[in-house]
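Residue-level structural notes
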Amino acid sequence: MSTQPERKLRYAMVGGGRDAFIGSVHRRAMALDGQMELVAGALSSNPDKARASGKDLGLAPERNHGRWEDLLADELTRPAEERIDFVSIVTPNHVHFPVAKAFAAAGIHVVCDKPLVHTRAQADELVRTVEQSGVVFGVTYNYTGYPMVREARELVKRGVLGELRKVVVEYNQGWLATHVEGQGNKQAGWRTDPERSGAAGAIGDIGSHAENLAATVTGLELEAICADLGALVPGRRLDDDASLLLRWRGGVRGVLTASQIAAGVENDLRLRVFGSAGSLDWRQENPNELVHAPLDGPKRILTRGSPWLSEASRRACRVPSGHPEAFIEAFANVYLGVAADIRARLAGVAADPLAADYPRLADGVRGVRFIEKTVESAASKLKWTLME
């Protein structure tokens, strides 16, 4: 996958303490290739829980903080050879903006979970901050790290599908089919709370993944949307179901659905891309296969790790074909892309584009805009809402 670097990149984590699902996923992903090490943190908004969580992970007491502000202040007092190389932000959504802005303004590279921030104004302010500081800024749309997603992207780039005509992306889950936020479920509690999650529920949580997946694979830019959002579980304050019609620039049509009340469904993310010469079909629950159906030949199933795949896809593999790779490895690929970019900056050279393959700040900003326009469209009496 990669050669061992001279030293590991040092990182701090904000959020992701005890009982936090996604924080542990990020840490496992960063540990996978031996290129990054956790050296500091402020792992919870509760100072006592933050320090207890840091102790669980073996952080040195002097770098185990109760507040992210203390973490940043401490890092800025340290010499360059001890200071963190980047911060990983894995908090609930409402904390993303202040933390990301502060670390970026301080010249520290940032990796932030999605959705990036609550509003387009915040996103634009982050862009200005990053432009001024020049830091690397990654956003963990982890599904872009799957080898067969990267293969799909390369096939579209090569024109294998001909002229693109339609894109259908679906993300269905069933974990919010009942009012679990009222039963003490921590994840449901903040994801259905407008103060912490933002203006959108399912469309912000998983719909943003669907939008990013479609945009990454096709390279298309949305022109207009027609959205229907609903909170179908009684008492829920944010949408748990979304249906969108899409118009992409160039005349391509699309459909996006995102639902978290699909009872009995686990994590069914699926992308289909249709062109004049064939189609592609990828499903996250069977991620090591990509179905290519050409117009003038038999359907073929492309499998992860095969020697005839693109270099972009093969670079994202760690084990030979036939051995499954999935969720954590995809996160690891995103972090490897960020690491390659940071190492290139440290060396004063241009990063290898295939190595530095990860979602950027621009992807996060586009995602925020998509969420805002979807909410606007759902509230409008007009059929179409322009993405402007």
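Parameters at a glance
- Residues numbered from 1 in each chain as written.
- Predicted model: local features only at pLDDT ≥ 70, side-chain atom pairs only at ≥ 80, totals over all residues.
- Heavy atoms only, no water.
- Domains from an automatic or database assignment.
- Contact = heavy atoms within 4.5 Å.
- Buried area = accessible area lost by both parts, 1.4 Å probe.
- Salt bridge = Lys/Arg side-chain N within 4 Å of Asp/Glu carboxyl O.
- Helix = DSSP H or I, 4+ residues; strand = E, 2+ residues; numbered from the N terminus.
- Buried < 20%, exposed > 50% of the residue type's maximum accessible area, 1.4 Å probe, protein only.
- Pairing = 2+ DSSP bridges.

Here we come to the domain arrangement of the chain. Considered domain by domain, the chain is made up of domain 1 (9-135) and domain 2 (146-319 + 366-386). Spacing between the C-alpha centres of domain 1 and domain 2 amounts to 27 Å. Facing 18 residues of domain 1, the contacting portion of domain 2 comprises 17 residues. For the domain 1 and domain 2 pair, buried surface summed over both sides reaches about 1300 Å², with 54% attributable to carbon and sulfur atoms. It is Lys114, His118 and Arg120 that lose the most area in domain 1 upon contact with domain 2, and together they represent 37% of the buried surface on that side.

Glancing now at the pattern of salt bridges. Under the counting rule described, the total for this entry stands at 34 salt bridges. Between Asp48 and Arg51 there is a salt bridge, with the nearest N and O atoms lying 4.0 Å from each other. Remark: Arg51 and Asp48 occur in helix H2 (residues 47-56); sequence separation between them is 3 residues, near one turn of the helix. By relative accessible area, which is 60% here, Asp48 ends up exposed. Here Arg51 falls in the partly exposed class, since its relative accessible area comes to 39%. In this structure, the salt-bridge partner of Lys157 is Glu154, at a minimum N-O distance of 3.8 Å. With Lys157 and Glu154 both in helix H6 (residues 147-157) and 3 residues apart, the pair spans about one turn of that helix. Classification of Lys157 as exposed rests on a relative accessible area of 62%.

In this section: the pairing of strand E11 (residues 278-283). Regular strands have side chains that alternate between both faces of the sheet. Most of E11 sits out of view: 5 of its 6 residues are buried. Bridge analysis of strand E10 (residues 268-275) against E11 gives 6 bridges, and the strand direction is antiparallel. Paired with Arg272 across the two strands is Asp281, which belongs to E11. If you look at the hairpin formed by E10 and E11, you'll find 2 residues sitting between the two strands. Inspection of the sheet shows E11 paired to strand E12 (residues 289-294) by 5 bridges, in the antiparallel sense. Bridging from a neighbouring strand, Leu280 pairs with His292 of E12. A loop of 5 residues connects E11 with E12, the two strands running antiparallel in sequence.

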